[in-house]
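Spelled out, the chains give:
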Amino acid sequence: MYLFINSLVATMQDPTGYGLVHDGAIVIDDKNIVWVGHIDDIPQTYAKSEQINLEGRLVTPALIDCHSHIIFGGNRAHEFEMRLEGQNYEAIAKAGGGIISTVTATREATEDFLLANALIRADALIAEGVGTLEVKSGYGLDQNTELKMLTVARAIAQQRPLRVKATFLGAHAVPKETDADTYIDEVCIPTLQAAHEAGLVDAVDGFCETIAFDKAQIARVFDAARVLNLPVKLHAEQLSHMGGTKLATHYGALSADHLEFATQEDVVAMASTGLVAVLLPGAFYTLQETQKPPVSELRAARVPIAIATDWNPGSSPLGSILLAMNMACTLFGLTPAEALAGTTKYAAQALGLKDCGYIAPGFSADLAIWDLENPAELSYRIGQNPLHSRIYGGVM
Ligand code: DI6
Ligand code: FE
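*Asks:* Explain the overall build of the chain here, please?
*Replies:* Looking only at helices and strands, the chain has 16 helices and 15 strands in total. Taking 21 Å as the expected radius of gyration for a compact globule of 396 residues, we find that the chain reaches 21 Å, a close match to that expectation. In terms of overall dimensions, the chain has C-alpha extents of about 65 × 40 × 40 Å along its principal axes. Per-residue burial over the chain gives 60% buried out of 396 residues. Considering only intrachain contacts with a sequence separation of at least 6, the fraction spanning at least 24 residues in the chain is 72%.

Written as structure tokens, this is what we have:
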């Protein structure tokens, strides 16, 4: 049992703020938090635990990146150049670049290569206090490569002190060798079934977009997920309004992600079904989008908002959850408290996790300790890493 003293604790137990406790103390026992509160209120039974003096530092829940694509081969710096020379993301994709160029590189890469590179990316996130990371497949688009990616996702959690949620994103793009409907029915769904059988899938995602799949195609994948009892989520309304958000709400999805083109009607649907809006400012920034997600509508409707990196080689080569928080504030108008809620409690909700994202009794002892005096500094600073240390599952 450990007793952390002399800290400023952002418990996140406050619907609109940080749930701050000044002169805070936290007791952890083995893997879990057993008590949090003001030092003067500490129960006698805990007062004699081994003490760790945090010297006034800020403590938050370990951060959660609930949307990433960190397993991939190659890189797309050339497309970055092409976009700056005037081409756009969709045109590059239609010409066979974009996601498909990463598919080619990922098919060619060995499992060891993919793992080694994914670990470098995971380490960058861990270094910023991340304790839970979602990772998607979707750069294979054939059974072997999708399974290879999902195997790598499991291996990350074995090799690092990190909780990894693996999401099957077979419906990410249409591979060159076939058409969208044939791909969904003959490759994507059977691959999902095989990956589930192998115990490699925690959730199912899709890309509902003109350059990817329409609602009917995504619905077939979601039906297959339902049969397997797997939760779903969706890349929805990123580049255009395709109706993906409503489809996601219809299937009781955990989250709808991106949402730049979501309407007030979509927001109402989200509010009534309780799914999380995951905002991905790294993609908005990289693609120099101008249409912003409907943040004030989401806020007014009390839709929980999460923030994630969307780390991927094309639309969001963003390897920093702190920078994603900064961008969510500066580009989308979130408050720093909303940004932190978006990388803690609401990111946990977006992953269907009930034991992380808060500092509260019964929650996993996943903590981030920061050389900061004010939690707003997490979002305010740009390109600095104030992490002092991270505790994962009670281990320092
Ligand atoms: N939306 C995204 O932001 C990423 N995937 C998706 O469906 C982009 C992936 C890429 O460009 O490689
Ligand atoms: Fe994405």
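*Asks:* Can you walk me through empty space enclosed by the protein in this structure?
*Replies:* One simple way to see leftover space: roll a probe sized like a water molecule over the atoms. Counted according to the given criterion, the structure contains one cavity of 30 Å³ or more. Taken as a whole, the largest cavity encloses approximately 100 Å³ of empty space. Around the largest cavity, the lining is made up of 13 residues, and of these His69, Tyr89, His172, Asn312 and Ser315 lie nearest the centre. Its residues assigned to classes, the lining of the largest cavity shows four nonpolar, seven polar and two charged.

*Asks:* So what exactly am I meant to see when it comes to unusual backbone geometry here?
*Replies:* The general pattern is negative phi for most residues beyond glycine and trans for most peptide bonds. Within the chain, Arg302 stands out as a residue other than glycine whose phi angle is a positive 60°. By secondary structure assignment, the location of Arg302 is in the loop between helix H12 (295-300) and strand E13 (305-307). At Asp310, a position not held by glycine, the phi torsion is positive, near 55°. Within the secondary structure, Asp310 is located in the loop between E13 and helix H13 (321-332).

*Asks:* Help me out: how do you make sense of the sheet that holds strand E10 (residues 233-236) in this one?
*Replies:* Two orientations exist for strands paired in a sheet by backbone hydrogen bonds: parallel and antiparallel. On the basis of which strands lie adjacent, the open sheet formed by four strands has the order E10-E11-E12-E13 and parallel pairing. Each of the sheet's edge strands pairs with one partner strand only, and the pair in question is E10 and E13. Taken over all neighbouring pairs, the strand axes of this sheet differ in orientation by 25° on average, direction set aside.

*Asks:* Teacher, can you tell me more about the site of ligand 1 here?
*Replies:* Taken together, the neighbourhood of ligand 1 is formed by 14 residues, with Arg76, Tyr89, Tyr139, His172 and Asp310 sitting nearest. For ligand 1, whose accessible area on its own is 320 Å², the fraction buried by protein is 100%. The cavity where ligand 1 resides is the largest cavity. Taken together, the residues that form the shell around ligand 1 break down as four nonpolar, eight polar and two charged.

*Asks:* Quick question: what am I supposed to make of the packing of helix H5 (residues 111-126) against helix H6 (residues 143-159) here?
*Replies:* Describing two packed helices takes the angle between their axes plus the distance from one axis to the other. Packing of H5 against H6 leaves a shortest axis separation of 9 Å and a crossing angle of 50°. One finds that H5 runs oblique with respect to H6. With respect to the hand of their crossing, H5 and H6 are arranged in right-handed fashion. Taken together, the residues of H6 that come into contact with H5 (itself represented by Glu111, Leu114, Leu115, Ala118, Leu119 and Ala122) are Lys148, Thr151, Val152, Ala155, Ile156 and Gln159. Along the lines of polarity and charge, the residues of the contact of H5 with H6 split into eight nonpolar, two polar and two charged.

*Asks:* I keep staring at the packing of aromatic side chains and nothing clicks. Help me out?
*Replies:* To describe a pair of aromatic rings, you give the distance between the ring centres and the angle between the ring planes. Applying the stated rule across the entire model yields five aromatic pairs. Across the ring face of Phe72, the terminal group of Arg121 is positioned such that the distance to the ring centre comes to 3.7 Å.

*Asks:* Where do I start with the pattern of salt bridges in this structure?
*Replies:* Two side chains carrying opposite charge are able to pair once their charged atoms lie near each other. Taken as a whole and judged by the stated rule, the model has 17 salt bridges. Here Arg57 ties to Glu55 by a salt bridge, and the two come within 3.2 Å at their closest N and O atoms. Among the residues examined, Glu55 registers a relative accessible area of 58% and is labelled exposed. Notably, a salt bridge pairs Asp371 with Arg57, separated by 2.6 Å at the nearest N-O pair.

*Asks:* Sorry, what's going on with the layout of surface pockets here?
*Replies:* Looking at the largest pocket, its volume works out to about 400 Å³. Taken together, 15 residues make up the lining of the largest pocket; nearest its centre are Pro15, Thr16, Arg302, Glu338 and Tyr346. At the level of elements, H12, helix H14 (336-342) and helix H15 (345-350) are the ones that each hand at least two residues to the lining of the largest pocket. Considering each element in turn, the lining of the largest pocket owes the most residues, three residues, to H14. Classifying every residue of the lining of the largest pocket gives eight nonpolar, two polar and five charged.

What counts, and at which threshold
Residues numbered from 1 in each chain as written. Chains lettered and ligands numbered in written order. Predicted model: local features only at pLDDT ≥ 70, side-chain atom pairs only at ≥ 80, totals over all residues. Heavy atoms only, no water. Helix = DSSP H or I, 4+ residues; strand = E, 2+ residues; numbered from the N terminus. Rg over C-alpha atoms; globule rule 2.2 N^0.38 Å. Buried < 20%, exposed > 50% of the residue type's maximum accessible area, 1.4 Å probe, protein only. Contact = heavy atoms within 4.5 Å. 1 Å grid on protein atoms, 1.4 Å probe; cavity = no way out; pocket = protein on both sides within 12 Å on 5 of 7 lines; lining within 4 Å. Points joined across faces, edges and corners; volume = space filled by probe spheres on them. Nonpolar A, V, L, I, M, F, W, Y, C, P; charged D, E, K, R; others polar. Pairing = 2+ DSSP bridges. Axes fitted to C-alpha atoms, helices over the stretch in contact; angles between N-to-C directions. Near = heavy atom within 4 Å. Areas by Shrake-Rupley, 256 points an atom, 1.4 Å probe, with all protein chains shown as cover. Sits in = over half its atoms within 2 Å of the grid points. Parallel < 35°, antiparallel > 145°, perpendicular 65-115°, else oblique. Left-handed = near helix turned anticlockwise from the far one by under 90°. Phe/Tyr/Trp six-rings, centres within 6.5 Å; stacked < 30°, edge-to-face > 60°. Lys NZ or Arg CZ within 6 Å of the ring centre and 35° of its normal. Salt bridge = Lys/Arg side-chain N within 4 Å of Asp/Glu carboxyl O.

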